[in-house]
Amino acid sequence: MSAATGTKTTSKTATSSLLSNGWARWGLGLLLPIVILLAWQLSTAAGVFSAVQLPAPRAVLEAGSELIARNELFNHIAISTQRVLLGFAVGAALGVSLGALVGLSKIAEVMLGPTIGALRAVPSLAWVPLLILWMKIGEDSKVTLILIGAFFPVFTTVSLALRHVDKNLVEAARAFGLKGVKLLTTVQLPAVVPAIFSGLRLALAQAWLFLVAAELIAASMGLGFLLTDSQYNGRTDRLLLAIILLAVLGKITDALLGLAEKWAVRRWS
């Protein structure tokens, strides 16, 4: 083995060892946000942008402190999180159910597939007037819009994954007397656990995206409301605060779902 090859192998081993360390992964993951924060601070200090265009990080922190002092910030966070989790839960459950039906039944695929595929292409804001007409401006219309956003990624991934389950595995399970719902829950769904969680994580991200559109429906609370209200009032500091909070909450919920994915993969795969 040449010296160059040995050096390359040692480098790969060191990199793998570094990435397997939890604290090192955290540090590497925080590197880019820290660089962005420093660039933000330097650009505002140098006067590259006006305070209206890009407030300094300290101004954003002060805006958050002001909202906390008025007992508003945590209420915005709580109501938005509640809407996202409720819409995501119902949308994911429907996505798994219909995705399983379409993925396992040729008749259901022919009957439902084209229509659901067409509805998937409808932009989120296109649903807003219809939901207001049907459900008025209460919580139901907001949660339903988030539900719609969460449904399609789960439906698509589950239906496609189930079509490609190993046929030999299914036949072996049938030989042992498994069929119908028992076959689905015991063999077929566990076989596609990684695909299901890929769909769930996409759906969760979509739910946070649809939240802003949902809170355009005459909302008076929530981070989407804070975002649009800050835009109308020229409060760029609050607008940036809302964007940062949406990013942080989205990452936290995705990380929690990632932990559930690891457990499920160990349990069923």
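The structure reproduced in this document is the subject of the present report. (Residues numbered from 1 in each chain as written. Predicted model: local features only at pLDDT ≥ 70, side-chain atom pairs only at ≥ 80, totals over all residues. Heavy atoms only, no water.)

## As for helix α11 (residues 223-232)
- Among all positions of α11, only L223, G224, L226, L227, T228 and S230 are buried.
- The inward-facing, buried residues of α11 contact α3 (57-69), α4 (73-104), α10 (193-214) and α12 (236-268).
- Immediately beyond the C-terminal end of α11, within one or two residues, lies G234, with a positive phi of roughly 70°. (Buried < 20%, exposed > 50% of the residue type's maximum accessible area, 1.4 Å probe, protein only. Helix = DSSP H or I, 4+ residues; strand = E, 2+ residues; numbered from the N terminus. Contact = heavy atoms within 4.5 Å.)

## As for the pattern of salt bridges
- For the coordinates displayed, the defined rule picks out 11 salt bridges.
- Residue E66 pairs with R238 through a salt bridge whose shortest N-O separation is 2.9 Å. Here E66 is found in helix α3, whereas its partner R238 is found in helix α12, with 172 residues between them in sequence.
- By relative accessible area, R238 is classed as buried at 10%.
- Here R83 makes a salt bridge to E139, at a shortest N to O gap of 2.6 Å. (Salt bridge = Lys/Arg side-chain N within 4 Å of Asp/Glu carboxyl O.)

## What to know about the nonpolar core
- Membership of the largest hydrophobic core comes to 60 residues, with the highest contact counts inside it found for F88, L145, L162, V192, L200, W208 and L223.
- Broken down by element, the residue count for this core peaks at 12 residues, all from α10.
- Apart from residues no more than four positions distant in its own chain, W208 is found in contact with T81, V84, L246, L249, G250 and T253. (Core = buried A, V, L, I, M, F, W, Y, C linked by side-chain atoms within 4.5 Å.)

## Side note on the packing of aromatic side chains
- Within the structure shown, the criterion is met by 2 aromatic pairs.
- Pairing F151 with F152 gives two aromatic rings, centres 5.1 Å apart and planes at 75°, and the pair type is edge-to-face. Judged on exposure class, the residue F151 and its partner F152 are both buried.
- With 5.6 Å between their ring centres and 20° between their planes, F151 and F155 make a pair best called stacked. Highlighted residues: F151 and F155, both in helix α7 (residues 139-163), separated by 4 residues, approximately one helical turn.
- Residue F151 is classed as buried on the basis of its relative accessible area of 10%.
- What links up through ring pairs into an aromatic cluster is the set F151, F152 and F155. (Phe/Tyr/Trp six-rings, centres within 6.5 Å; stacked < 30°, edge-to-face > 60°.)

## Notes on the side chain of D254
- By secondary structure assignment, the location of D254 is in helix α12.
- Its relative accessible area of 17% is what places D254 among the buried residues.
- Aside from chain neighbours lying at most four places away, what touches D254 is R201 and L204.

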